[in-house]
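Residues per chain are reported as follows:
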Amino acid sequence: YVDAVSRAAYALDAIDMVVPYGFSDVLVTATHEVGALGALTLTGYLDHEGVSMPQRMLEDQGMGDEPRFSWGSRMLSLGYRQPIGGDLVLQARAGFTDFTGDFELIEYPGQTCQTGIGCTPATDRVTTIDGATRIRNLIGAASVTWFGARNQLRVGVRADHYRLSNDLRSNGEYDDFLAPI
């Protein structure tokens, strides 16, 4: 909670800058009994993180508006577990995960900053690098486990569908490996 405390102190003019990083997340799980020993479990997770600065801090730093720099994850899974007789257990799972990120690197040509004095106001904003990324994974799995007197044997199958996409662009400074903006 350092970011929240620093924002409160900044709002009261007790400090000159905030910790610009912040995050929020939530995890929810629900389980429903199925039969005598079986269970159906649904789990969800949501996360958002990023860098964010108050407008006054942006102005103090000579920045016009805030750069984009955020990312987050989502997850949803459904699990089923059911004993079959006295020696077997069936387990099945399906899941979805997703990660997204959005960012830009910006510069303010002609801006000068001096320690203890501050920065001249930004007149032009130039995006040097603009990027986004997304990762998605769909998962399905099932297994049967046999519990013997001294041993255990598990047989199962799993399938994944994984997708990654990136989009990085440059204003010309990094043309050797990035597409132009």
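These numbers come from a predicted model, not from an experiment.

Q: I would appreciate a short explanation of the pattern of salt bridges in the present structure.
A: Once the charged atoms of two side chains with opposite charge are near each other, the side chains can pair. Taken as a whole, this structure holds 4 salt bridges when the rule is applied. A salt bridge links Asp98 to Arg134, with the shortest nitrogen-to-oxygen separation between them at 3.3 Å. One end of the pair, Asp98, is in strand S4 (residues 88-107); the other, Arg134, is in strand S7 (residues 126-147), with 36 residues separating them in the sequence. Ionic pairing is found between Arg158 and Asp160, a salt bridge with its closest N-O pair at 2.8 Å. Here the salt bridges share partners, and the residues they tie into one network are Arg74, Asp98, Arg134 and Arg136.

Q: Is there a simple way to explain helix H1 (residues 2-11) in this structure?
A: For H1, the set of buried residues is Ser6, Ala9 and Tyr10. Looking down the long axis of H1, one finds its buried residues gathered within 100 degrees of arc, a one-sided arrangement. Facing away from the buried surface of H1 by more than 90 degrees, the exposed residues are Val5 and Ala11. Among the residues trailing H1, Asp13 stands out with phi positive, at a value near 60 degrees.

Q: I would appreciate a short explanation of the packing of aromatic side chains in the present structure.
A: The geometry of an aromatic ring pair comes down to the distance between the two centres and the angle between the two planes. Per the stated rule, a full pass over the model turns up 2 aromatic pairs. Centroid distance Phe69 to Trp71: 5.3 Å. Interplanar angle 75 degrees. Geometry classified as edge-to-face. With a centroid separation of 6.5 Å and an interplanar angle of 75 degrees, the aromatic rings of Phe69 and Phe103 are classed as edge-to-face. Within this pair, whereas Phe69 is found in strand S3 (residues 69-84), its partner Phe103 is found in strand S4, the two being separated by 34 residues in sequence. Classification of Phe69 as partly exposed rests on a relative accessible area of 40%. An aromatic cluster is defined as three or more aromatic residues linked by ring pairs; in this entry it consists of Phe69, Trp71 and Phe103.

Quick notes on the rules
- Residues numbered from 1 in each chain as written.
- Predicted model: local features only at pLDDT ≥ 70, side-chain atom pairs only at ≥ 80, totals over all residues.
- Heavy atoms only, no water.
- Salt bridge = Lys/Arg side-chain N within 4 Å of Asp/Glu carboxyl O.
- Helix = DSSP H or I, 4+ residues; strand = E, 2+ residues; numbered from the N terminus.
- Buried < 20%, exposed > 50% of the residue type's maximum accessible area, 1.4 Å probe, protein only.
- Arc of directions from axis to C-beta.
- Phe/Tyr/Trp six-rings, centres within 6.5 Å; stacked < 30°, edge-to-face > 60°.

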